Amino acid sequence: MKIFQNLFSKGDAAVGAPVAGSLVSIKEVSDPTFGEEIIGKGVAIIPTSNQICAPIDGKVATVFPTGHAVAVVGSDGTEILIHVGLDTVNLNGEHFTIHVEADQEVKKGDLLLEADLEQIKAAGYDIITPVVICNTDDFAEILPESPKTVSPGDDIIKLRK
């Protein structure tokens, strides 16, 4: 089993899906800030659930007052931004419910936000949800999983220091 230990060693980490849905390449996100990986490497999920959960054990770094995005810093220092939909900041908090606050400790799977996806779509917004590693440069490799259906907590990104 030594072979497998070398593939995923101490110092490596995995980021879990914050929401159920279809995992897709970050390149499918039409907003260049995400799709061109300007703020970091990552993946995107086309959500099928309204519940956005912590993708890793750590602390809430910030929750945008509009509820459309949340950042979590893992206990290993991984900085993760979850951005629900595109341009959804323009909803000014409508259709979002915040369940956490900055500096709150969270465990992988804890509820962070709820988003009424049907109402967001009805208002004309794309619900694709980028999940981005903001401190990309801290890792030797960021390995996104292949497109698939995911449930909260399923590995979506592997990180190698």
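So, here is what we can say about the structure in this document. Residue numbers restart at each chain and count upward from 1, following the sequence in its written direction. Only residues with pLDDT of 70 or above have their local features reported here, since the model is predicted, and side-chain atom pairs are shown and tallied only from 80 upward, although totals for entire chains, interfaces and linings are computed over all residues. Computation of side-chain values covers all heavy atoms of the structure but excludes hydrogens and water.

### A word on the environment of P130
- Helix and strand labels come from DSSP, where a helix needs a run of H or I of at least four residues and a strand needs a run of E of at least two; each type is numbered from the N terminus. Note that P130 resides in strand β11 (residues 129-133).
- With 89 residues separating them in the primary sequence, P130 and K41 have C-alpha atoms 9.8 Å apart.
- Setting aside anything within four residues of it in sequence, one finds P130 in contact with I26, V29, F34, V43, A44, L81, I82, H83 and L86. Any two residues having at least one pair of non-hydrogen atoms within 4.5 Å are treated as being in contact.

### Points about the pairing of strand β10 (residues 111-115)
- One bridge is not enough; two strands pair if DSSP finds at least two bridges between them. When strand β4 (residues 51-53) meets β10, the two strands line up antiparallel, connected through three bridges. Paired with Q51 across the strands is E114, a residue of β10.
- As paired elements, strand β8 (residues 96-98) and β10 share three bridges and run antiparallel to each other. Note that in β10 the partner of T97 across the bridge is E114.

### Some details on the sheet that holds strand β14 (residues 155-160)
- Pairing is antiparallel across the open sheet formed by three strands, whose spatial order is β1-β14-β12. The outermost strands of the open sheet, each flanked by one partner alone, are β1 (13-16) and β12 (141-144). Across the sheet, the mean angle from the axis of one strand to that of its neighbour is 20 degrees, orientation sign disregarded.
- When β12 meets β14, the two strands line up antiparallel, connected through four bridges. Bridge pairing in β14 places I142 opposite L159. For every element, the axis is a line fit to its C-alpha atoms; helices are fit only across the contacting stretch, and the angle between N-to-C directions ranges from 0 to 180 degrees.

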